[in-house]
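# Analysis of the macromolecular model
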There are 2 protein chains.
Amino acid sequence: MEVAVADGSRSDSAAVGAALLHDRYRAPLDLPASGSDVIETLLSHRSVRAYLPDAVPPGTIELLIAAAQSAPTSSNLQPWSVVAVEDPARKARLAALAGDQRQILQAPLFLLWIVDHHRLARNGARQDVPSDGLHFLESFLLGAVDTALAAQNAVVALESLGLGGCYIGGIRNRPVEVAAELGLPPRTFALFGLTVGYPDPGAPASVKPRLPQEAVLFRERYGADDDAPAVAAYDRRLRTFQCEQGMPERDWSEQAAQRVRGADALAGRHLLRTALNRLGFHLA
Amino acid sequence: MEVAVADGSRSDSAAVGAALLHDRYRAPLDLPASGSDVIETLLSHRSVRAYLPDAVPPGTIELLIAAAQSAPTSSNLQPWSVVAVEDPARKARLAALAGDQRQILQAPLFLLWIVDHHRLARNGARQDVPSDGLHFLESFLLGAVDTALAAQNAVVALESLGLGGCYIGGIRNRPVEVAAELGLPPRTFALFGLTVGYPDPGAPASVKPRLPQEAVLFRERYGADDDAPAVAAYDRRLRTFQCEQGMPERDWSEQAAQRVRGADALAGRHLLRTALNRLGFHLA
C-alpha cells in the first residue's frame, strides 16, 4: 500500500506508520504493517491552537455533522446537537467564559457539542409518554458518551480534510452563562467546544507522546502491578519532546498530580453538579 | 480522487460519498465533493452484531490502542484503560452481566473501556500531592468523555481494517459485578464494552439512517422551532429502512419515548450512581 506524503512523492505506508508510532510513543512498538490510510490519519492527530483566518469551505460543517451522525449511538437515541458559531462577537463572549483561550477567537469556526435531552423530552410529551428515565445519572452519562463519540468522528473527518481542531473543555467552567449565550433550552448542556480552521503553518503543532501501552492495555483482567516504571519512562520521553518543542520541561507525573490536586485546580468546574441541576438535569 | 469499491473496480468518490450520504439520511443532502477516503470510512459505519469465528490478526489490539491513544485527552491526563478479553469463559460471564447479548459470545475479541482514576490517584500518592479533584462529578465526566473519544478512534481504525464492532452499553447494567470479574481497582469503571471481529457476510449490517440535520445542527444559537416535522420525516424514512431490512416497522418517536419513559426501561442502570459510589467515585 502506498500513501501520499507531504512532498507529493509516494512512500511505503508501513514505514510512515512506524514513524508515526515512534512519534506517538517515543519508544519502539513493533507492529505488523500499519494497516490503513485511515489509521495513518488517526496516528497523525495533533491539537491545533493557531489558525489561519480563512473560513472553512461551504458545506464543511454539514459534512462534519454527517460524519458525527454516522458514529454509533445507544439505542439510536441520538441525544446530542451542535451549535455552530462563526460570529466573532459571540466567539469572543464564549472565549471569555471558557478561560480566555485565544484559539477560540482565532479559529473561524467554533462548534459547541450539546448533550440534548430536550429533544427526547419534547418527543415524549408529543407521544404522551413520561420521560422520567432522563432523570438518572445514567441518562446524562449516555448523552455525554454519545456526544463524545460523534464529536470525535467530526475531528477525524476535519483532520482528513487538512483542517485542524482543538477541544475546549473550558466551556464547562461557566455552564449556565454558556447556556444563556447559546439560547439553550432546559435539559441541554454544552459538553465541550471544538475550534476548527486551517492550521497556521507558522506555528505547526506536533504529535504528542502518550503513556506506554503497558500502562493502559491489560489482558483479561486489570493489571495490578506497579506502574511507576512505565510512568517514569513516559516522564523522560515527554521531557525530550518538550525540549525539542522549546517548551518548559515538566514531568507528566507532576503535571497530572497538580491538575487533579483539588477543587482549586478545576477552574470552577467543581460546581458542575449544581450547574447541571439548574440546567434541568436531575442526575438521580 | 478514486476509491476502491467492493467489487474491486474503482469509482469516483464523490459519487460514492453521495450514495453513502443518501443511505445515512434517506433524503437529499447536497454537499460539495465528499472530501476524503477517511470520510467515506466514517459515513460507511454500521454496527456489526454477527461475527465469523476467526481471531483478529496479531498486533491488531496494539494498533487499535495506538489509534485510541492518539485521540485528544484533556490536559493530557489520559484517564482511561482497556481490558482486552478473549477467554470464552470470561466473555460468557460478561455477556450474562450485560443482558445476554449474543454478539459478546460470538465476537473473538471484547474490549472493555475503563474510566481510570486509579492511575491518577496512585500517581498523586507517589508525588505526595492530594488527588481531591477526582472527587467531583466534573472529573468523572472528563474521564468518561476522554474514554469515549479514545474508543471511537479505535472503532474507526478497526472498520478501516475490514473488522466490525458494536458498543455494549449493557456492561453498565451490573457495574460492581463487572468490576469484580475484571479485577478492577477502586476508582475505575467499565464505561462500555466493544465487540470486535470479522463481520459474518451471511448476516450483513446496513447503514442506519439518522435524524435529518435540521434537527441536530443549529447556527449561532439553539433553534427553538418545533422539530415535529423533522421527526415525522425521520419516522417515515426509518420505516422504509426497517421494511427493506425485514425488521419490524416501528417509529423512532415511539421507540425513543419508550426507551426513556422511566427507571423500568433502564435495565438496572437507574442505580448507576450508587454503584459508582461503591466503586470509589464520589461525584460531588
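Residues numbered from 1 in each chain as written. Chains lettered and ligands numbered in written order. Predicted model: local features only at pLDDT ≥ 70, side-chain atom pairs only at ≥ 80, totals over all residues. Heavy atoms only, no water.

With that settled, the discussion passes to the overall build of chain A. Counting secondary structure elements, chain A contains 12 helices and 7 strands. A compact globule built from 284 residues would reach a C-alpha radius of gyration of about 19 Å, and chain A, at 21 Å, matches this within 12%. When its C-alpha atoms are laid out on the principal axes, chain A stretches across 60 × 50 × 35 Å. Considering only residue pairs separated by 6 or more positions, chain A has 74% of its internal contacts joining residues 24 or more positions apart. (Helix = DSSP H or I, 4+ residues; strand = E, 2+ residues; numbered from the N terminus. Rg over C-alpha atoms; globule rule 2.2 N^0.38 Å. Contact = heavy atoms within 4.5 Å.)

On to the sheet that holds strand S6 (residues 188–197) of chain A. One open sheet accounts for 5 strands, arranged S5(A)-S6(A)-S4(A)-S3(A)-S7(B); its pairing is mixed. Strands with a single pairing partner mark the edges of an open sheet, and in this sheet they are strand S5 (164–168) of chain A together with strand S7 (217–219) of chain B. For this sheet, the mean inter-axis angle between neighbouring strands, taken without regard to orientation, is 25°. As paired strands, strand S3 (residues 80–85) of chain A and strand S4 (residues 109–116) of chain A are joined by 6 bridges and run antiparallel to one another. (Pairing = 2+ DSSP bridges. Axes fitted to C-alpha atoms, helices over the stretch in contact; angles between N-to-C directions.)

Now for the packing of aromatic side chains. One pass over the structure, following the stated rule, counts 12 aromatic pairs over all chains. Pairing A:Phe218 with A:Tyr222 gives two aromatic rings, centres 4.5 Å apart and planes at 40°, and the pair type is tilted. Each of the two residues, A:Phe218 as well as A:Tyr222, counts as buried. Pairing B:Phe140 with B:Phe189 gives two aromatic rings, centres 5.8 Å apart and planes at 50°, and the pair type is tilted. With B:Phe140 in helix H7 (residues 137–160) and B:Phe189 in strand S6 (residues 188–197), this pair connects stretches of sequence that are 49 residues apart. In this structure, B:Phe140 and B:Phe189 share a single accessibility class: buried. Taken together through their ring pairs, the aromatic side chains of A:Phe140, A:Phe189 and A:Phe281 make up a single cluster. (Phe/Tyr/Trp six-rings, centres within 6.5 Å; stacked < 30°, edge-to-face > 60°. Buried < 20%, exposed > 50% of the residue type's maximum accessible area, 1.4 Å probe, protein only.)

Counting residues in hydrophobic clusters, the biggest one holds 172 residues, and the most contacted among them are A:Trp113, A:Phe189, B:Trp113 and B:Phe189. Each residue touching A:Phe189, except ones within four places of it in the same chain, is listed here: A:Trp113, A:Ile114, A:Val115, A:Phe140, A:Arg172, A:Pro175, A:Leu184, A:Leu272, A:Leu276, A:Leu279, A:Phe281 and B:Leu141. (Core = buried A, V, L, I, M, F, W, Y, C linked by side-chain atoms within 4.5 Å.)

This next bit is on the interface of chain B and chain A. In this assembly, 126 residues from chain B lie in contact with 126 residues from chain A. Across the chain B/chain A interface, buried area totals approximately 10,800 Å², and carbon plus sulfur atoms make up 59% of it. The closest approach of N and O atoms between A:Asp226 and B:Arg126, which form a salt bridge, is 3.8 Å. Put simply, chain B and chain A have 74 residue pairs in polar contact (both at pLDDT 80 or more) between them. (Buried area = accessible area lost by both parts, 1.4 Å probe. Salt bridge = Lys/Arg side-chain N within 4 Å of Asp/Glu carboxyl O. Polar contact = N/O pair within 3.5 Å; in protein donor to acceptor, adjacent residues only side chain to side chain.)

This part is about the pairing of S3(A). Burial analysis of S3(A) places 6 of its 6 residues in the buried class, the great majority of the element. Burial of the side chains of S3(A) extends over both faces: A:Trp80, A:Val82 and A:Ala84 are buried on one face and A:Ser81, A:Val83 and A:Val85 on the other. By the bridge criterion, 3 bridges tie S3(A) to S7(B) in an arrangement that is parallel. Bridge pairing in S7(B) places A:Val83 opposite B:Phe218.

Residue and element names in this part refer to chain B. Buried residues dominate strand S4 (residues 109–116), accounting for 8 of its 8 residues. Where burial is concerned, the two faces of S4 agree: the one with Leu109, Leu111, Trp113 and Val115 and the one with Phe110, Leu112, Ile114 and Asp116 are both buried. Where S4 and S6 come together, 8 bridges link them in antiparallel fashion. What sits directly across from Asp116, in S6, is Thr188.

Often the size quoted for an interface is simply the accessible area lost on bringing the parts together. All names here are of chain A. Domains assigned within chain A are domain 1 (2–43), domain 2 (60–205) and domain 3 (207–284). Counting residues at the interface gives 7 residues for domain 1, matched by 11 residues for domain 3. Between domain 1 and domain 3, roughly 810 Å² of surface is buried when both sides are summed, and carbon and sulfur atoms account for 51% of that area. The three residues of domain 1 that bury the most area against domain 3 are Arg24, Tyr25 and Arg26, which together make up 75% of that side's buried surface. At the boundary of domain 1 with domain 3, the tally comes to 1 salt bridge. Note that Arg26 is salt-bridged to Glu244, the shortest N-O span being 2.9 Å. Across the contact surface, domain 1 and domain 3 share 4 residue pairs in polar contact (both at pLDDT 80 or more). Residue contributions to the side of domain 1 that touches domain 3 peak at 3 residues, all from helix H1 (residues 13–25). (Domains from an automatic or database assignment.)

It is worth spelling out the sheet that holds strand S7 (residues 217–219) of chain A at this point. Spatially, 5 strands are ordered S7(A)-S3(B)-S4(B)-S6(B)-S5(B) in an open sheet, and the strand pairing comes out mixed. Unpaired on one side and paired on the other, S7 of chain A together with strand S5 (164–168) of chain B mark the two borders of the sheet. Between one strand and the next, the sheet's axes are offset by a mean angle of 25°, whatever the strand orientation.

Moving on, we come to the side chain of A:Asn123. Note on placement: A:Asn123 falls in helix H6 (residues 118–127). Owing to a relative accessible area of 1%, A:Asn123 belongs among the buried residues under this scheme.

As for its placement among the helices and strands, A:Ala284 is situated in the segment after helix H12 (272–278). In this structure the C-alpha to C-alpha distance between A:Ala284 and A:Ala151, which are 133 residues apart in sequence, comes to 26 Å. Once residues lying within four places of it in the same chain are set aside, the contact partners of A:Ala284 are A:His135, A:Phe136, A:Leu137 and B:Arg273.

Note on the identical chains: chain B maps onto chain A by a rotation of 180° and an axial translation of 0.0 Å, with an RMSD of 0.0 Å. One copy is carried onto the other by what is essentially a two-fold rotation axis. A high fraction, 100%, of the interface residues of chain B reappear at the interface in chain A, so the copies pair face to face through one surface. (Least-squares fit on C-alpha atoms with pLDDT ≥ 70 in both.)

Let's shift gears to the environment of B:Tyr51. Residues and elements named next belong to chain B. With respect to the element layout, Tyr51 can be found in the loop between helix H2 (37–43) and helix H3 (60–69). When the C-alpha positions of Tyr51 and Thr274 are compared, they lie 35 Å apart, and in sequence the two are 223 residues distant. Sequence-distant contacts of Tyr51, that is, excluding residues within four places in its chain, are made with Gln103, Gln106, Ala107, Pro108, Gly164, Gly165, Cys166, Thr195, Val196, Gly197, Tyr198 and Asp200. A polar atom in the side chain of Tyr51 sits 2.8 Å from the side chain of Thr195.

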